[in-house]
Structures are given as C-alpha cells and as structure tokens.
Amino acid sequence: MKMVSPSLLSADFGNLQHDIEMLNNSQCDWLHVDVMDGIFVPNISFGQPIVRHIKKHARKPLDVHLMIMDPGRYIADFKEAGADILTVHYEACTHLDRTLNAIRDAGMKCGVVLNPHTPVALLEDTVQLCDVVLLMSVNPGFGGQKFIENTYSKVQTLRALCDRKNPHCLIEVDGGVNTGNAGRLYKAGADVLVAGNAVFKSENPQQTIIDLKTSE
Ligand code: DX5
Ligand code: ZN
C-alpha cells in the first residue's frame, strides 16, 4: 500500500482550518497529529483541545502520534478528542501490551513507535497486537530534520517480522521523508509515509502529496 499522512506540525497554526481543508481536498490518506509533552521529547506541541478542533474540520482519519511519557494515562482523552489511530512509543511504555490492548478496547487502531536507536527485534512479542508500527527516521521532537539512512534496512527487517507474525500490520515511517527518499521507502516495505516539511513548505502541497504517493 502507498499511503501518505501529512504532519500538521508543519501547518500554519494561525489558520489550521485552511490547511486541513487543503488536505481534505488532497489525495492524502490520514492526517498525522504530533502530540509532545516536553519530557519524552524536548519540545511541547499541543494536546487534546487542539486535536478536538482538528477533528471538527478533518474528513480523513486522525493518525495521532503520542510523544509523551506513560501514554496509557490519556487513552480515553484522545479517543474523546477524535483520534482514529493512536500510536505510542515503545520507549515511553512500561506495560506496552496493556496499553495497546487498551487502545484497541477503546475503539481505535493501535500502534507502536520505535525511536531510531530501538531495534525492530524488540517487537517480537507485540507486533501481533499492532495495526501499525511507526519507525522514526529522525530523533523525535521537531519537524524539518535530516532523514536517517539506517531506516531503509529497519523497514526491511520490520517487513520480514510482519510477514512472519502479522501480515496485516502497516509500516509507517516518520521524519525527513521527501520525494527523494519516498520511492526507496515504499520499495523497502513501507505502507504509510509521514511528511511535514515536504508537504507544507512545498509551493504546491497537493501535488507533492501525489508525487510522494507515486514515488518509485
Ligand atoms: C517529529 C514528528 C514528525 C514531524 C515530521 O518528531 O514526529 O511527525 O512532524 O516532520 P518532517 O516531515 O518535516 O521531518
Ligand atoms: Zn510524528
């Protein structure tokens, strides 16, 4: 599958509705929503009230990426705010199995995110619970960072693990994705590419989304 999930972190927060309408009328598949707590990552972005406003205008599923410690505490809040897919960091969860099941039980799709330093092999006992696994291709916290090349081989390793344990699991990649590396990521086995700067700093964001989706 070749899907694109533009990251609203790079959108115009003074006019979010405008940018969401643009995405509603684009070929994108999901809207990527980055929640940061200033502890798990060095940056603070926004929380449930903003997600609720995004939901009011969005006509595509909200792919909510929680970069917060102990995300299990906020599952009901993000469900209520309108998350459709909720992903939590491996590094931020003491009881990952419990957290993934709780997300599923709350009626959302669930997923695990791995930081660049976290090996795919650590998902051996949780990948079967996941609808999606998100591989960070930058150290999380900021948009506009440089893509880490080691990600290609991690995608391949994860593809092999999913083929063995959960063929329906989607592989998502987040950070420094652009039209120069998208094709190689899809070829390695990625299904969903997150793109912040590549979309929102483009002169024609809707065309860039098409270019990302058709990259070979
Ligand atoms: C980074 C966030 C990303 C970010 C991607 O911590 O998780 O979703 O917005 O932005 P780009 O595509 O600009 O690297
Ligand atoms: Zn993200």
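Refer to the structure above for everything that follows.
Residues numbered from 1 in each chain as written. Chains lettered and ligands numbered in written order. Predicted model: local features only at pLDDT ≥ 70, side-chain atom pairs only at ≥ 80, totals over all residues. Heavy atoms only, no water.

Colleague: Looking at this structure, I do not really get the nonpolar core. What am I missing?
Modeller: One broad trend across soluble globular proteins is that nonpolar side chains are buried collectively. In terms of nonpolar packing, the biggest core is built from 61 residues, with Leu 8, Leu 31, Val 51, Val 64, Leu 86, Leu 158 and Leu 185 touching the most fellow members. Counting residues per element, this core draws most heavily on helix H5 (residues 151–165), which supplies 5 residues. Contacts of Val 51, omitting those with residues within four sequence positions, involve Val 33, Val 35, Phe 46, Leu 62, Val 64, Phe 78 and Ala 81. Counting 6 residues, the second largest nonpolar core, distinct from the first, contains Trp 30, Ile 85, Val 132 and Val 192. (Core = buried A, V, L, I, M, F, W, Y, C linked by side-chain atoms within 4.5 Å. Buried < 20%, exposed > 50% of the residue type's maximum accessible area, 1.4 Å probe, protein only. Helix = DSSP H or I, 4+ residues; strand = E, 2+ residues; numbered from the N terminus. Contact = heavy atoms within 4.5 Å.)

Colleague: Is there a simple way to think about the layout of surface pockets in this case?
Modeller: Taking a probe equal in size to a water molecule and rolling it over the atoms shows the remaining empty space. There is about 280 Å³ of room inside the largest pocket. Lining the largest pocket we find 25 residues, and of these Phe 142, Gly 143, Gly 144, Gly 175 and Gly 176 sit closest to its centre. Of all elements in the fold, only strand E2 (31–36), strand E3 (62–67), strand E8 (192–195) and helix H7 (197–200) reach the threshold of two or more residues within the lining of the largest pocket. For the lining of the largest pocket, the residue count by class is 11 nonpolar, 12 polar and 2 charged. (1 Å grid on protein atoms, 1.4 Å probe; cavity = no way out; pocket = protein on both sides within 12 Å on 5 of 7 lines; lining within 4 Å. Points joined across faces, edges and corners; volume = space filled by probe spheres on them. Nonpolar A, V, L, I, M, F, W, Y, C, P; charged D, E, K, R; others polar.)

Colleague: Is there a simple way to think about the site of ligand 1 in this case?
Modeller: With respect to spatial proximity, 20 residues lie near ligand 1, and among them Ser 7, Gly 141, Asp 174, Gly 176 and Gly 196 are the closest. Measuring from an oxygen atom of ligand 1, one finds a backbone N or O atom of Gly 196 at 2.8 Å. With the chains in place, 99% of the 380 Å² that ligand 1 exposes on its own is no longer accessible. In this structure the site holding ligand 1 corresponds to the largest pocket. When residues of the shell around ligand 1 are traced back to their parent elements, those giving at least two are E2, E3 and E8. (Near = heavy atom within 4 Å. Polar contact = N/O pair within 3.5 Å; in protein donor to acceptor, adjacent residues only side chain to side chain. Areas by Shrake-Rupley, 256 points an atom, 1.4 Å probe, with all protein chains shown as cover. Sits in = over half its atoms within 2 Å of the grid points.)

Colleague: Which parts of the structure should I look at to understand the pairing of strand E6 (residues 132–136)?
Modeller: Note on strand geometry: in a regular strand, side chains alternate between the two faces of the sheet. By the criterion of burial, E6 is predominantly enclosed, with 5 of the 5 residues buried. Side chains Val 132, Leu 134 and Met 136 of E6 all project onto a buried face; the interleaved residues Val 133 and Leu 135 project onto the opposite face, where all are buried too. Sheet topology places strand E5 (residues 109–114) next to E6; 4 bridges connect them, and they run parallel. Following the sheet pairing, Leu 114 is matched in E6 by Leu 135. Taken together, the 5 bridges between E6 and strand E7 (residues 170–174) define a ladder with parallel strand orientation. Bridged to Leu 134 within E7 is Glu 172. For the handedness criterion, the β-α-β arrangement of E6, H5 and E7 is classed as right-handed. (Pairing = 2+ DSSP bridges. Right-handed = clockwise from strand over helix to strand, strands pointing away.)

Colleague: What exactly am I supposed to notice about helix H4 (residues 96–105) here?
Modeller: In an α-helix there are 3.6 residues to a turn, and that puts residues three or four apart on one side. Within the span of H4, buried status applies to Leu 96, Thr 99, Leu 100 and Ile 103. Along the axis of H4, the buried residues cluster in a sector spanning 95°; they form a single face. Facing away from the buried side of H4 by more than 90 degrees, the exposed set consists of Arg 98 and Asp 105. Where the residues of H4 are buried, they touch helix H3 (75–81), strand E4 (85–89) and E5. Just downstream of H4, Gly 107 is the residue with a positive phi angle, here 95°. (Arc of directions from axis to C-beta.)

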